[in-house]
Structure formats: C-alpha cells, structure tokens
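# Remarks on the overall topology
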Amino acid sequence: QTVRWHIELQPWASPTPSLSYEASRFLKYISTSQISCEHMNLNSLKGYSETAKKPWSICLDERFNLIHRIRSKQCRLYSLGLGNDDNQFELSMANSGCEVHRFDPSIKSPHIQEGRHLWYHRLSIDWRDPNPAIAAHKLHSNTKKLGTVLNEFGHQKIDVLKADVESAEWKILENLILEDVVEQIGQLVFEVHIHWPGFEVSGNDSTVVRYWYSLLRELELKDFRLFHTYKDLSKPQMFLKKEAFNASSCYTLSWVNTRWK
C-alpha cells in the first residue's frame, strides 16, 4: 500500500476561492447529521445519571457495535485531553465496564490506574513522533502518534476516540486518515476549534477552511457518518478571528464508523 503524504483536497466551493463560500459549505457540513442515532448517552444504560459538562455523544443504537461491546465488557475508550478536569464521560464509560485510557501530558506520574478500568498516561498524542536527532524534540519524548501508542499498548482497536486537544485536532485527524489508523476506530467524538487555523495549519483563510472541509470529507469516504453536532454557545462566536458567519468558535462532533465490526 502506498503511503499518502497529503489528503485529497476537495474542489473549491465556488469558481474562484472565496472565504464566504468555503465557510458556508463547511458550517453547513458540520451542522448537519448524516445518519440518525436514537440512543446517544449512557443514561440509556441502567443506573446512570450523567452530568457531563459537554455533550460527548456516542451512538448506542443496536445496529452499531458499541452497545454490544459495552454489554460484553469488551469496549475500549481512548481520551485525548490537555489538563481538562471534566472527566465525567470517562468515569461513566469506566463504570460501565469499558477499558478507559486517558492521555494527558499534565499528570504527575507516567501511568496511573484508578479503579479497575481507568488508566491515566502522561502522554500527549500528536500528529508525528518526536525525532530523537532534534534537540528540541527531546523535550517532547512523551509525545507520540496514536498509531505508535496502539502498537506499544498492543491494542488493535479503539471503540471510541474522544479528543479535546485545543486546536491540535486538525493535524491529528489528518495523521489518523493518512496512516489508516482511523479504520481501527469505531466512533470519533472530537471538539473542533475554528477561531484560528489550528497548530501547523497554514494558508489564507479560504485555503484553511477548504482543508478542514476536505479532512471531514475524507472521514466520510472511510465510511464515517456524522450523527451528532453540538454548537457550543458558551464559547466566543468567532470564525477565523472574525465575528462572522454566525458560528461558534467550538463544535463537538460525533461520528460512527458504519463499516466497523
């Protein structure tokens, strides 16, 4: 299989590059569910009263694998975060018998186990592995690609990948697509930030939005379908540093891999 270095960019939304056309196409795309899901939180499992601050929605419909994996205590959640204290979702998943791995570079010890099902790892998931030959990278030796971590942990599959990585999500998502790691994932729940391009995403505004849109279309080509979208109105209403397009700077998006068994 040939290694891909770049994702395929979608055609421009209009005959000549235009931020308003790109923005309206992208915002419509992230605001429109592609597949319906009737059971979207752990309350539908008995004994839960979930009070998560954010709607980390997962699809527990019978036609998808996750609910069956939870019932048979075989599910696995990877949670990527940056010093975020809201871990209600992770605790709920662990309480339901899922094996939960939370990756956060700000914790005190390399690995901490809390209870039977919850592990914390002092690791930051990135879109590249550190290069040991570069002095600056030595500082980031606890930074790894998700594919590298899966190999090191001996994990073939992740039932749910949750990511709240403060604008690193675009490059991480690109890495997961280019390396086909995304095919090892059952559901994705990502917080996306659109108030600036994100880490190491370059180009003018219309180019950036076309890249974001193209990334999400690549997910669709890999049989991921958006089933829940949440516009966070508690965050500033900013789109690429502009108060325009009636957008929030932050959306939480949930996809299910419809091919996943």
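Residues numbered from 1 in each chain as written. Predicted model: local features only at pLDDT ≥ 70, side-chain atom pairs only at ≥ 80, totals over all residues. Heavy atoms only, no water.

### Digging into the overall build of the protein
Scanning the protein from N- to C-terminus turns up seven helices and 10 strands. For the protein, buried positions account for 52% of its 261 residues. When the accessible area of the protein is evaluated, it comes to approximately 12500 Å², of which 51% is carbon and sulfur surface. (Helix = DSSP H or I, 4+ residues; strand = E, 2+ residues; numbered from the N terminus. Buried < 20%, exposed > 50% of the residue type's maximum accessible area, 1.4 Å probe, protein only. Areas by Shrake-Rupley, 256 points an atom, 1.4 Å probe, with all protein chains shown as cover.)

### Overview of unusual backbone geometry
Positive phi, normally seen in glycine, also occurs at Asp223, with a value near 75°. Within the secondary structure, Asp223 is located in the loop between α7 (205-221) and β9 (224-231). If you check the backbone angles, Phe245 has positive phi at about 65° while not being a glycine. For Phe245, the location among the structural elements is in the loop between β9 and β10 (250-257). Note on Phe245: relative accessible area 32%, which makes it partly exposed.

### With respect to the pattern of salt bridges
Enumeration according to the criterion identifies 16 salt bridges in this entry. Ionic pairing is found between Lys222 and Glu183, a salt bridge with its closest N-O pair at 2.9 Å. Highlighted residues: Lys222 in the loop between α7 and β9 and Glu183 in the loop between α6 (169-178) and β8 (185-193), separated in sequence by 39 residues. Where Asp223 meets Arg259, a salt bridge forms, and the shortest distance between an N and an O atom there is 3.0 Å. Of this pair, Asp223 sits in the loop between α7 and β9 while Arg259 sits in the segment after β10, and the two are 36 residues apart along the sequence. For Arg259, a relative accessible area of 51% puts it in the exposed group. Several salt bridges converge on common partners, so that one network encompasses Glu90, Arg102 and Lys162. (Salt bridge = Lys/Arg side-chain N within 4 Å of Asp/Glu carboxyl O.)

### So, the environment of Val100
Along the chain, Val100 turns up in strand β2 (residues 99-103). Accessibility expressed as a relative area gives 0% for Val100, which makes it buried. Separated by 18 residues in the primary sequence, Val100 and Leu118 place their C-alpha atoms 4.8 Å from one another. In contact with Val100, other than residues within four places in its own chain, are Leu77, Glu90, Met93, Ala94, His117, Leu118 and Trp119. (Contact = heavy atoms within 4.5 Å.)

### As for the packing of aromatic side chains
Tallied over the entire structure, the rule returns nine aromatic pairs. Centre to centre, the rings of Phe239 and Phe245 are 5.2 Å apart; their planes meet at 70°, and the pair counts as edge-to-face. Taking relative accessible area as the criterion, Phe239 reaches 0% and is therefore assigned buried. Among the aromatic residues, those joined into a ring-pair cluster are Phe26, Trp170, Trp212, Phe239 and Phe245. Positioned over the ring face of Trp56 is Lys162, at 4.3 Å from the centre of the ring. Over the ring of Trp12 we find Arg210, and its NZ or CZ is 4.3 Å from the ring centre. (Phe/Tyr/Trp six-rings, centres within 6.5 Å; stacked < 30°, edge-to-face > 60°. Lys NZ or Arg CZ within 6 Å of the ring centre and 35° of its normal.)

### What about the confidence of the model for the protein?
In the predicted model, the protein carries a mean pLDDT of 89, and the fraction of residues at 70 or more is 88%. The low-confidence segment residues 46-52, where pLDDT is below 50, has 13 contacts with residues more than four positions distant or belonging to other chains. (pLDDT = per-residue confidence, 0-100.)

### A short note on the sheet that holds strand β1 (residues 76-81)
Read across the sheet, eight strands follow the order β3-β4-β2-β1-β7-β8-β10-β9 without closing on themselves; strand pairing throughout is mixed. With partners counted over all chains shown, the strands left at the sheet margins are β3 (111-114) and β9, one partner each. Averaged over all neighbouring strand pairs, the angle between strand axes comes to 15°, with direction disregarded. As judged from the seven bridges shared by β8 and β10, these two strands associate in the antiparallel manner. For His193, the partnering residue across the bridge sits in β10 and is Cys250. Each of β1, β2, β4 (118-121), β7 (158-164) and β8 is contacted by helix α5 (residues 146-153), which is oriented at about 135° to β1, the strand it contacts most. (Pairing = 2+ DSSP bridges. Axes fitted to C-alpha atoms, helices over the stretch in contact; angles between N-to-C directions.)

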